[in-house]
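# Overview (structure and organization)
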Amino acid sequence: EREALREEVSTISGEDDVGDSASSSALEQERLQQQQEMQETLRRLEAEMAQKHAEIKAYAQALEQQNAALQQQLVEERQRQGQASPQAECSPPGRRPSLIPLGSPPSPG
């Protein structure tokens, strides 16, 4: 029992013989390989995140352009209706006015 305990202590403390040294070297190599795999996984995930970020940014820009076009179309329609009747600016009953400003589109960023 004492011998088993002594072997555990010597393994933990680094006092090992040639056989333990070989297994320690194998463990070190395995640990290095795991670190390399983790680094590669991290690089791959970072690349995927960068790609997704670029896609989302492009989609947001397209939505901003579409929104600006729709706002311009709304302004033009309201102007035409305003020339036709004085109540054209009022919202239809039961419908709330838009909270989106009809000025220039927001700058990307």
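Residues numbered from 1 in each chain as written. Predicted model: local features only at pLDDT ≥ 70, side-chain atom pairs only at ≥ 80, totals over all residues. Heavy atoms only, no water.

To continue, consider the overall build of the chain. What the chain contains, in helices and strands, is 2 helices and 0 strands. When each of the 109 residues of the chain is scored for burial, the buried share is 3%. Carbon together with sulfur atoms contributes 54% to the accessible area of the chain, which is approximately 10,100 Å² in total. (Helix = DSSP H or I, 4+ residues; strand = E, 2+ residues; numbered from the N terminus. Buried < 20%, exposed > 50% of the residue type's maximum accessible area, 1.4 Å probe, protein only. Areas by Shrake-Rupley, 256 points an atom, 1.4 Å probe, with all protein chains shown as cover.)

Quick look at the pattern of salt bridges now. Evaluated as defined, the whole model comprises 3 salt bridges. A salt bridge links R31 to E28; its shortest N-O distance comes to 2.5 Å. One end of the pair is R31 and the other is E28, both in helix α2 (residues 18-84) and 3 residues apart, which spans about a single turn. The closest approach of N and O atoms between E40 and R43, which form a salt bridge, is 3.2 Å. Within this pair, E40 and its partner R43 are both found in helix α2, separated by 3 residues, close to a single helical turn. Look at R43 and you get partly exposed, because its relative accessible area is 48%. (Salt bridge = Lys/Arg side-chain N within 4 Å of Asp/Glu carboxyl O.)

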